[in-house]
Amino acid sequence: MTWELLIPLLAAAVQSGTPVLYATLGEMITERGGVLNLGVEGMMLVGALTAFLVAKATGQPWLAFVAGGLGAAALAAGHALVCVVFQGNQVVSGLALTILGAGLANYLGTPYIGQSTPGFMPFDVPLLADIPALGPILFQHDALVYLSFFLPLLVWLLFHRTRLGMHIDAAGENPEAAKAAGLNVFGLRWLAVLSGGFLAGLGGAYLSLAYTHLWTNGLAAGRGWIAVALVIFAFWRPGRAVLGAYLFGGVMAFQLRLQASGANLPSSLLLMLPYALTLLALLFATLRGVRSGAPGALGTNVEPET
Amino acid sequence: MRVRLTRRQESWKWGSCLVFLGAVAFSLGLSALLLAAQGKPPLEALRGFFQGAFGSGYALTDTLRKAVPLYLCSLGVAVTFRMRVWNIGAEGQYALGAVGATWAVLTFSALPMVLLLPLMFICGGIAGGLWALVPGLLKARLQLNEIISTLMLNYIGILLLEYLVYGPWKDPASFGFPMTEQFPAAAVIPRIPGTKLHWGLAVCLLAGAAVWIWLTRTRLGYELRASGSGPRASRYARMPYGFLVCLVMAICGALAGWAGLVETSASAGRLQPSIMAGYGYTAIVVAWLARLNPLTIAVAAFLLAGLRVGVENIQLMHQVPAAFGDIMEGLILLSVLAGQFFTTYKVRLRRETPVPGEEGA
C-alpha cells in the first residue's frame, strides 16, 4: 500500500473513529461508577436526532452538538432512575434503553429522512495541517474531531488528578465502603450515568452534524455496541480507548474503500469486518491475560437504606 | 415527607401482578401522551391498537403466529438468564437457525416431508446451537464477556444470512430480490387443519414443556440459578461451571435457531432478510417480563406479539411509524423493571422534616 492510499485511509479512520471515541469514553465513565449501561446505541441515536433537529431549527451547530449530548443524557436518566433508584437489573434496563432510544429516534425522525442539516465542515488547522503525513491524518478535520483529541486526556485527568474521579471509582469499585466513608454513592452513580449519556449523545451528534449531514434511521449502525465492547478492550483506560476507537474506525474506513474500489467482495462480508475484528481484538487482549481492570461492583446495584 | 423503606419479609402475592399491570398502564399512558404530542388522537389510536392485536379472530391468529418465534427465542434466553449468563445473541442464533435449515432444504430438496422437516430441525438447531456455543466456550474457557461476544456474533450472523441470500443462494428468477427460491412443499411446516396457524405452535408447546420439566422437576434445573453465582456455586450442581455455561448456551441457540427455522419455513416459505424482525431482542424483554418462567413466558410472548400486530394496525389507521412499537416495548420494560422495586421493598411516607422536591419514589 502506498502513501497516497494510506494517508487518506488513516485520516478516514480518525474521522469514523471519532463518534465511537466519544461514546466509548462516556461508557467508560459510567462503568467506572459501577453502572453498566448497554443503552449506548439508543443514546447515540437520540443524541443524533436531537442534534439534527436543533441544528435544523436554529442553524447553530455548536448549540445542536450540546443539545445532542443533553438529549442522550435525558434518556440516560431513565437508566439511572431504573437502576440507581429502583434497583432494576442493569443489563436488562440497558437493553430496554436501546430499544426505547432507537424507537424514539426512528419514530420522531421518520418525517426527516433524507433531509440535510447545517453542521460542521472540515478545516485545516494552521501550521499543524502542513506537517507531512501527520497533518493530513489528524489536522484536516472538523472542529469536533479536534475537540475529541482532548477528551481522553480530560477523562484521564478526571480519574487520576481529581477527587471527583476518585470518588466515582470508589462508587464503582466498592460502593459499600464508599458509603461508609461518607460518599454519596447514589449521587456519584447518577453523575456517572448522566455524563456517560452526555458523551454518548455527543458521539451521536457527531454522526448527524459532521459525518453524514443528513438524517437516516439507524444512523448509529451498531457503533454504540462497538463502544460497549471497546470499554472492555480498553481495560477501562482512556488511552487505550483512543487506540480501540481508531482501530475500529480504520476497519470501517478500509471496508468502505474496498467497496468503493470495486473489489469483487460482497459487501455483507466486508461489513462483518469491524465486528469480527472487535471480537478478535477482545479475544487477543483476554488471551494475553492482562488483568482486566473491571470495576469491582460493575453491574451490581447499591441497596438503599432500609 | 420522608421515605422509609423496609424490605418485604414474605413475598407479596398480588404484588407482581399489580406492579405489572400498573407498569403497563403507565407505559400506555406515556405512549398516549406521545401520540397526542404528535397530533394523533391518542385514545382512538390505542383502541385501534388493541383491536388490531386482540380484537378479532383474525387479529388473534396473527398475534399467535408472531408469538411462536418470540416464545422459542425467549425460552432459550430465559434458560441462560437463569444462570446469569447474559446471552443477548438470540438474534444471531435465530439467523443461523434459518440459514442451517435453508441449507438442509437446498441440499436435500428431493426428500419427502417426513424426512426433510426433521432434518431441517436438526440442521437449524445445530447451526443455532453452535453459533451460541462459541460465546459459551469463550466465556467458559477465557472469561470473555458474553454480552459483547454474543452481540458481535449477532451482527456477523445477520450479515452472513444477507451474504447468502444476496449471493450464493439467491434465486436467479427473483428479479434481483435477495431471497432463495421458494421452498418445496415438503419443507414448509403445514397448517393446523381448519386454522391459519401452523404446527410450529406445537413445537412451542413441546419445547416449553420440556424446558419447564427440566427447570422445575430436575435437580439440575433447580440448581441452575445457584450456579449463576459462579464456578464455586456450580459445585452444588455437581457439574463444572464451564460445562453448564456451554450447555445453557447451546440449548438457547438451538431454540432460537428453531424460531428462525419456523419463521423461514412457515411464514416466509423461503430465506429472505425480512425474517430478521428483531425477535431475538424482544425475546430478552419477554424473558425478563415473565421472570424467566416458561409458563409466564407464553403469556408475555403473546402480549408482546400482540404489541407488534397492534402497532401495524395503528400504522395503517393513523400513519404512526412502526417504531412506535419499539417505544412502547422499551417503556413497558423500563416501567416493569422499576416497578419490581415495590415487590421487594415496602415504601412508606412519613411526615417528618418536609423536604421540597423529594418525592416518595
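In this text the structure is predicted, and so the values were computed from the model without any measurement.

Participant: For this particular structure, what's the right way to read the nonpolar core?
Facilitator: Soluble globular proteins tend to pack their nonpolar side chains together in the buried interior. The biggest cluster of nonpolar side chains holds 207 residues, and the ones touching the most others in it are Leu38 of chain A together with Met120, Ile147 and Phe324 of chain B. Methionine 120 of chain B has contacts with Ala101, Ala104, Val105, Gly125, Phe183, Ala187, Leu261 and Ser265 of chain B, leaving out every residue within four places of it along the chain.

Participant: Quick question: what am I supposed to make of the packing of aromatic side chains here?
Facilitator: Aromatic rings considered in pairs are described by the distance between their centres and by the relative angle of their planes. Counted by the stated rule, this structure contains 23 aromatic pairs over all chains. Summarising the aromatic geometry, the rings of tryptophan 62 of chain A and phenylalanine 120 of chain A are spaced 4.9 Å apart at their centres and angled 80 degrees between planes, so their arrangement reads as edge-to-face. Pair noted here: tryptophan 62 of chain A is in helix α3 (residues 61-85) and phenylalanine 120 of chain A is in the loop between α4 (90-109) and α5 (134-138), with a separation of 58 residues, a long-range link. Consider the rings of phenylalanine 341 of chain B and phenylalanine 342 of chain B, whose centres lie 5.6 Å apart with planes at 90 degrees: the pair is edge-to-face. You can call phenylalanine 342 of chain B partly exposed: its relative accessible area is 25%. Among the aromatic residues, ring-to-ring pairing joins Tyr22, Trp62, Phe65 and Phe120 of chain A into one connected group. Across the ring face of phenylalanine 159 of chain A, the terminal group of arginine 32 of chain A is positioned such that the distance to the ring centre comes to 3.9 Å. Taking the ring centre of phenylalanine 233 of chain A as reference, the NZ or CZ of arginine 240 of chain A above it sits at 5.2 Å.

Participant: Is there a simple way to think about helix α10 (residues 223-233) of chain A in this case?
Facilitator: Each α-helix winds once per 3.6 residues, and so residues spaced three or four apart point in a common direction. Residue and element names in this part refer to chain A. Here α10 lies mainly inside the structure; 11 of its 11 residues are buried. For α10, every residue scored as buried is listed here: Arg223, Gly224, Trp225, Ile226, Ala227, Val228, Ala229, Leu230, Val231, Ile232 and Phe233. Once α10 ends, the next one or two residues include phenylalanine 235, with phi positive near 50 degrees.

Participant: What exactly am I supposed to notice about the side chain of threonine 150 of chain B here?
Facilitator: Note on placement: threonine 150 of chain B falls in helix α6 (residues 146-166). When near neighbours in sequence (up to four residues on either side) are disregarded, threonine 150 of chain B contacts Trp86, Asn87, Ile88, Gly89, Pro135 and Met249 of chain B.

Participant: For this particular structure, what's the right way to read the pattern of salt bridges?
Facilitator: A side chain of one charge can pair with a side chain of the opposite charge when the charged atoms of the two come close. Counting across every chain of the model gives 4 salt bridges over all chains. A salt bridge links arginine 32 of chain A to aspartate 169 of chain A, with the shortest nitrogen-to-oxygen separation between them at 2.9 Å. Placement of the pair is arginine 32 of chain A in helix α1 (residues 3-32) and aspartate 169 of chain A in helix α7 (residues 163-173), with a sequence separation of 137 residues. Glutamate 312 of chain B is the salt-bridge partner of lysine 66 of chain B, the closest N and O atoms lying 3.4 Å from each other. Residue lysine 66 of chain B is located in helix α3 (residues 57-82), and its partner glutamate 312 of chain B is located in helix α11 (residues 294-318); the two are separated by 246 residues in the primary sequence. Residue classification places lysine 66 of chain B among the buried positions, given a relative accessible area of 18%.

Here is what the cut-offs are and how they apply
In every chain, residue numbers begin from 1 and rise along the written sequence. Whichever chain is written first becomes A and whichever ligand is written first becomes 1, with later ones labelled in order. For this predicted model, a pLDDT threshold of at least 70 governs which residues receive local features, and a threshold of 80 or more governs which side-chain atom pairs are given and counted, while totals over whole chains, interfaces and linings are taken from all residues. The basis for every side-chain value is the complete set of heavy atoms in the structure, and neither hydrogens nor water enter the calculation. Take the buried Ala, Val, Leu, Ile, Met, Phe, Trp, Tyr and Cys residues and link them wherever side-chain atoms come within 4.5 Å; each set so joined is a nonpolar core. For every residue, the accessible area obtained with a 1.4 Å probe (protein chains only) is divided by the maximum for its type, and the residue is called buried under 20%, exposed over 50%, and partly exposed between those limits. Residues are treated as being in contact if the distance between any of their heavy atoms lies within 4.5 Å. Within 6.5 Å between ring centres, the rings of Phe, Tyr and Trp (the latter by its six-membered ring) count as paired, and their orientation is classed by plane angle as stacked under 30 degrees, edge-to-face over 60, tilted in between. A run of H or I in DSSP counts as a helix once it spans at least four residues, and a run of E counts as a strand once it spans at least two, with each numbered from the N terminus. For a lysine, the NZ atom is tested; for an arginine, the CZ atom; a charge sits over a ring if that atom is within 6 Å of the ring centre and within 35 degrees of the ring normal. The term salt bridge refers to a side-chain nitrogen of Lys or Arg lying within 4 Å of a carboxyl oxygen of Asp or Glu.

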